[in-house]
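Report on the structure
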Amino acid sequence: MKPASESVTTMDDNGNSTRFVLTGQGRSGSNLLKYALKHNPSIYMTGEYYNRNVFPESVEQDGASRAQAFFSDHGHCAVGFKIFIHQARQNPAKKVWTYLKNDPTIKVIHLSRKNRFKRVLSHEVASAKGSWVASDDNTDDVTINLSAEQWLEKLEIDAVRERRIEKLFSQNPKVHIYYENLVDDWEGSTRSIQGFLGVEPKTLEKKLSKQELKRPSERCANYSDLVEYFSNTKFNWMFEEEIRSK
């Protein structure tokens with residue numbers, strides 16, 4: 001077999017690249033997947049292309065034109081960027097969403113997390129510390145003090161956003177990957193995603209380590225109250241999961 005650097009697919013027989021986006025919400029493994037896909041030489045991918053903290057110009061630019069320019073500027077088999085559902089929500093940047101959903105040739109990787117509580121908790125910890133990757137400052141001293149009612153509201157909002165993504169891209173070729181499945185079956189999941197993008201699958205390494213090493217019960221001072229509050233709700237398993245794993 002040729003080394004990966006010698007085996008590069010560059011567009012299809014008609015000279016077209018597969019255009020794609022990686023979407024979802026933060027703290028669902030998107031950086032893990034992004035860094036992995038970037039190591040397939042047939043894929044060109046960048047991070048949060050509409051994150052105004054990383055790309056300040058994205059706020060002022062026409063979102064559709066910005067995406068079109070990105071897709072047309074690279075001669076790889078698959079070209080894509082990451083965009084979270086909360087990004088590019090104001091004009092003129094928000095035009096990107098209409099552009100993406102109205103073009104049925106743009107493929108969508110929807111990455112989410114089954115355990116919404118752990119996703120939101122991870123986001124709360126990262127926000128409190130301003131620490132978004134494993135190499136950032138230690139977060140051991142962060143404690144989250146949210147009431148059960150506040151958690152319920154956040155979990156409901158999380159579910160609404162996930163449904164919005166599914167509805168928004170109902171006409172696009174789409175694959176929905178759960179973080180838990182990605183981690184548990186890394187080889188199978190990453191090869192399936194590469195196949196979905198139309199590139200020769202490579203064995204991709206995990207380049208990032210898990211940032212959250214503490215249990216939810218160690219993060220939430222009122223964790224036992226949360227377990228009781230959610231015991232008769234659709235979210236109960238998200239809290240019982242830790243109890244079973246002990």
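Residues numbered from 1 in each chain as written. Predicted model: local features only at pLDDT ≥ 70, side-chain atom pairs only at ≥ 80, totals over all residues. Heavy atoms only, no water.

1. A few points about the overall build of the chain
- A count of helices and strands for the chain gives 10 helices and five strands.
- Summarising the internal contacts of the chain: among those between residues at least 6 apart in sequence, 76% fall at separations of at least 24.
- Accessible surface computed for the chain: about 12,700 Å², of which carbon and sulfur atoms make up 46%. (Helix = DSSP H or I, 4+ residues; strand = E, 2+ residues; numbered from the N terminus. Contact = heavy atoms within 4.5 Å. Areas by Shrake-Rupley, 256 points an atom, 1.4 Å probe, with all protein chains shown as cover.)

2. As for the nonpolar core
- The biggest cluster of nonpolar side chains holds 23 residues, and the ones touching the most others in it are Tyr 50, Phe 71, Phe 81, Val 96, Trp 97 and Leu 100.
- Elements that contribute at least two residues to this core include exactly α2 (63–71), β3 (78–84), α3 (95–102) and α5 (148–168).
- Residue contacts for Val 96: discarding those within four places in its chain leaves Tyr 50, Gly 63, Ala 64, Ala 67, Ile 83 and Ala 88.
- Counting residues in each nonpolar core, the second largest holds 21 residues, with Leu 33, Ile 177, Leu 182 and Phe 196 among its members. (Core = buried A, V, L, I, M, F, W, Y, C linked by side-chain atoms within 4.5 Å. Buried < 20%, exposed > 50% of the residue type's maximum accessible area, 1.4 Å probe, protein only.)

3. Here we look at the sheet that holds strand β1 (residues 18–24)
- Overall, parallel pairing links the five strands, which are arranged β2-β3-β1-β4-β5 in an open sheet. A single partner strand is all that each edge strand has here, and the edge strands are β2 (43–48) and β5 (174–178). Direction aside, neighbouring strands of the sheet carry axes that sit 20° apart on average.
- Sheet topology note: the strand β4 (residues 107–112)/β5 ladder contains five bridges and is parallel. Across the sheet, the residue bridging to Leu 111 is Ile 177, located in β5.
- Across the sheet, helix α1 (residues 30–37) touches β1, β2, β3 and β4, and the angle it forms with β2 is around 155°.
- Contacts from helix α7 (residues 186–196) reach β4 and β5, with the element oriented near 155° to β4. (Pairing = 2+ DSSP bridges. Axes fitted to C-alpha atoms, helices over the stretch in contact; angles between N-to-C directions.)

4. Examining the packing of aromatic side chains
- Applying the stated criterion across every chain, the model contains 17 aromatic pairs.
- Centroid distance Phe 117 to Phe 239: 4.4 Å. Interplanar angle 35°. Geometry classified as tilted. Taken together, the residues Phe 117 in helix α4 (residues 116–129) and Phe 239 in helix α10 (residues 236–245) connect sequence positions 122 residues apart. A single burial state applies to Phe 117 and to Phe 239, both of which are buried.
- Ring centres 5.0 Å apart and planes at 75° place the aromatic pair Tyr 229 and Phe 230 in the edge-to-face group.
- Judged by relative accessible area, Tyr 229 falls into the partly exposed class, the value being 34%.
- Owing to a relative accessible area of 0%, Phe 230 belongs among the buried residues under this scheme.
- Joined through ring pairs, the aromatic side chains of Tyr 44, Tyr 49, Tyr 50, Phe 55, Phe 70, Phe 71 and Phe 81 make up one cluster. (Phe/Tyr/Trp six-rings, centres within 6.5 Å; stacked < 30°, edge-to-face > 60°.)

5. Quick look at the pattern of salt bridges
- What the rule picks out here adds up to 11 salt bridges.
- As a salt-bridge pair, Asp 103 and Arg 19 come within 2.9 Å of each other at their nearest N and O atoms. Of this pair, Asp 103 sits in the loop between α3 and β4 while Arg 19 sits in strand β1, placing them 84 residues apart in sequence.
- For Asp 103, a relative accessible area of 16% gives the class buried.
- A salt bridge links Lys 234 to Glu 156; its shortest N-O distance comes to 3.8 Å. With Lys 234 in the loop between α9 (223–229) and α10 and Glu 156 in helix α5, the pair connects residues that are 78 residues apart, well separated along the chain.
- Classification of Glu 156 as partly exposed rests on a relative accessible area of 32%.
- Several salt bridges converge on common partners, so that one network encompasses Arg 116, Arg 119 and Asp 158. (Salt bridge = Lys/Arg side-chain N within 4 Å of Asp/Glu carboxyl O.)

6. Section: unusual backbone geometry
- In this structure, the amide linkage connecting Asn 91 to the following residue, Pro 92, adopts the cis form with an omega of 0°.
- Here Pro 92 shows up in the loop between β3 and α3.
- For Arg 27, which is not glycine, the phi dihedral falls at a positive 65°.
- Note that Arg 27 resides in the loop between β1 and α1.
- The phi dihedral of Ala 88 falls on the positive side, at around 55°, and the residue is not glycine.
- For Ala 88, the location among the structural elements is in the loop between β3 and α3.

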